[in-house]
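# Structure at a glance
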Amino acid sequence: SNGASGTYPMSRQSDDESYAGVIGPKISSKTVAVGTIEVSSALRRTEIEDIKANTGMDIVQKMESVLVNELSQTISKQIVAKVFEMGDLNRASAPLRGADSIFDLDTAYANVVGGETTHAVQRKLITKIAHASNYIATEGRVGPAQYLITNGGLAAALQDIAGYTINPVKSKLNGQGQLYPVGSIGDISIYVDPYMRYNDNRIVLGRKNNPDQPGIIFVPYLMAQSISVISEATFAPRMLLRSRYAVTEVGWFPQKQYMTITVTDSAQLLN
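Notes on the structure follow. Bear in mind that the values here come from a model prediction, so they are computed numbers and not experimental data. For every chain, the first residue of the written sequence is number 1, and numbering continues from 1 onward in sequence order. Confidence filtering applies because this is a predicted model: local features only for residues at pLDDT of at least 70, side-chain atom pairs given and counted only at 80 or more, and all residues used for totals across whole chains, interfaces and linings. Just so you know, side-chain values use all the structure's heavy atoms and leave hydrogens and water out.

## Looking at the nonpolar core
Core analysis: the biggest nonpolar cluster contains 29 residues, and Ile 129, Ile 203 and Leu 205 have the highest contact counts within it. The way it works is that DSSP assigns letters per residue, a run of H or I at least four long becomes a helix, a run of E at least two long becomes a strand, and they are numbered from the N terminus. At the level of secondary structure, the elements contributing two or more residues to this core comprise α5 (118-140), α6 (152-159), β7 (180-185), β8 (188-192), β9 (202-206) and β12 (258-264). When checking whether two residues touch, look at their non-hydrogen atoms; a contact exists if any pair is within 4.5 Å. Beyond its immediate chain neighbours, meaning those up to four positions away, Ile 129 contacts Leu 148, Leu 158, Ile 188, Ile 203, Leu 205 and Ile 261. To form a nonpolar core, buried Ala, Val, Leu, Ile, Met, Phe, Trp, Tyr and Cys residues must be joined to one another through side-chain atoms within 4.5 Å. Buried residues are those whose accessible area, probed at 1.4 Å on protein chains only, stays under 20% of the maximum for their type, while exposed residues exceed 50% and partly exposed ones sit between those limits. In this structure, Val 80, Phe 84, Met 86 and Val 204 belong to the second largest nonpolar core, which totals 11 residues.

## A few points about the pairing of strand β11 (residues 237-250)
Here, any two strands with at least 2 DSSP bridges between them count as paired. Here eight bridges tie strand β1 (residues 35-42) to β11, and the two strands are oriented antiparallel to one another. Within β11, the residue paired with Ser 41 across the bridge is Met 239. Direction of pairing for strand β10 (residues 215-230) relative to β11: antiparallel, over a ladder of 13 bridges. The residue bridging Ile 217 from the neighbouring strand is Thr 248, located in β11. Between β10 and β11, which pair antiparallel one after the other, the connecting turn spans six residues, and Phe 235 there sits at a positive phi close to 55°.

## Concerning the sheet that holds β10
Taken in spatial order, the three strands of this open sheet run β1-β11-β10, and their pairing is antiparallel. Each having just a single partner strand, β1 and β10 make up the two edges of the open sheet. The mean angle between the axes of side-by-side strands here comes to 15°, regardless of whether they run parallel or antiparallel. For helices, the axis comes from a line fit to the C-alpha atoms of the stretch in contact; other axes are also lines fit to C-alpha atoms, and the angle between any two N-to-C directions lies between 0 and 180 degrees. Together, β1, β10 and β11 form the strand contacts of helix α3 (residues 59-92), whose direction differs from that of β11 by roughly 15°.

## Things to note about the packing of aromatic side chains
The criterion for an aromatic pair is that two Phe, Tyr or Trp rings (for Trp, the six-membered ring) have centres within 6.5 Å, with stacked assigned to planes under 30 degrees apart, edge-to-face to planes over 60 apart and tilted to the rest. Considering all chains together, one arrives at two aromatic pairs under this definition. Ring geometry for Phe 103 and Tyr 135: centres 5.1 Å apart, planes at 55°, overall tilted. Within this pair, whereas Phe 103 is found in the loop between β3 (100-101) and β4 (105-106), its partner Tyr 135 is found in helix α5, the two being separated by 32 residues in sequence. Consider the rings of Phe 218 and Tyr 245, whose centres lie 5.5 Å apart with planes at 40°: the pair is tilted.

## Digging into unusual backbone geometry
Unusually for a residue other than glycine, Arg 141 sits at a positive phi of about 60°. Tracing the chain through its elements places Arg 141 in the loop between α5 and β5 (147-150). With a relative accessible area of 77%, Arg 141 lands in the exposed category. Positive phi values are uncommon outside glycine, yet Phe 253 reaches one of about 50°. Along the chain, the position of Phe 253 falls in the loop between β11 and β12.

## A few points about the pairing of β5
Here is the key point about a regular strand: its side chains alternate between the two faces of the sheet. Here β5 shows a buried face lined by Tyr 147 and Ile 149 and a second buried face lined by Leu 148 and Thr 150. As paired strands, β5 and β8 are joined by four bridges and run parallel to one another. Note on β8: the bridge partner recorded for Ile 149 is Tyr 191. Relative to β9, β5 is paired through three bridges, and the arrangement is antiparallel. Looking at the pairing, Ile 149 lines up with Val 204 of β9.

So this is what it looks like as structure tokens:
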């Protein structure tokens, strides 16, 4: 036999004349610095009294809910930004088709080939998504993509595809609902990021792996701390909500679990 390219199983003579291969663990540690976000509210006693009298609403409790929502939205946006960062990093090393990644789609091809319908272009987009998912499975060595995140426009184009399934599941990235599910294609759940512009035609595919596998993790140090004081200026309650956490990538080549696809649709065939 010639090393790894030999004939297997080995013959008795090869077995007697060679040593077994060795697989050993390689362990590393990573230090993660946590950061802090804070948001506060301020009320006047007259506001509290008048809103209570006119609507029956406890505005102090309502403001606390607003602060919690604002905090969770900020964390969610950072998680999505990190997913796109990893997807862009993996895209940079992906095979190229000219100047673009082979997973990118430019709908201008439809004007050259001829006979392409809107549904044909949409199916082409699905093929690109499937290719990127298979690339994640092959390069990442864990499995294919589990979800994709995109804007409302491309999500609408995907919803028009044959084989699209309405599947309103909870977000696997975070539980606070910044992303909202619109269905699935195959085993890939589709989420819309409401903060993405309608002309931001990007799609990111990814996996939510176990803690012992490569990927992105959310590290809460202090999830939510609420501090209430009575303002000396207004003698009304004032609240501060703060969180300390980190969003970081871990494991070997964590970017291999994500892939960004760029869609160029000058002819507006998908919208």
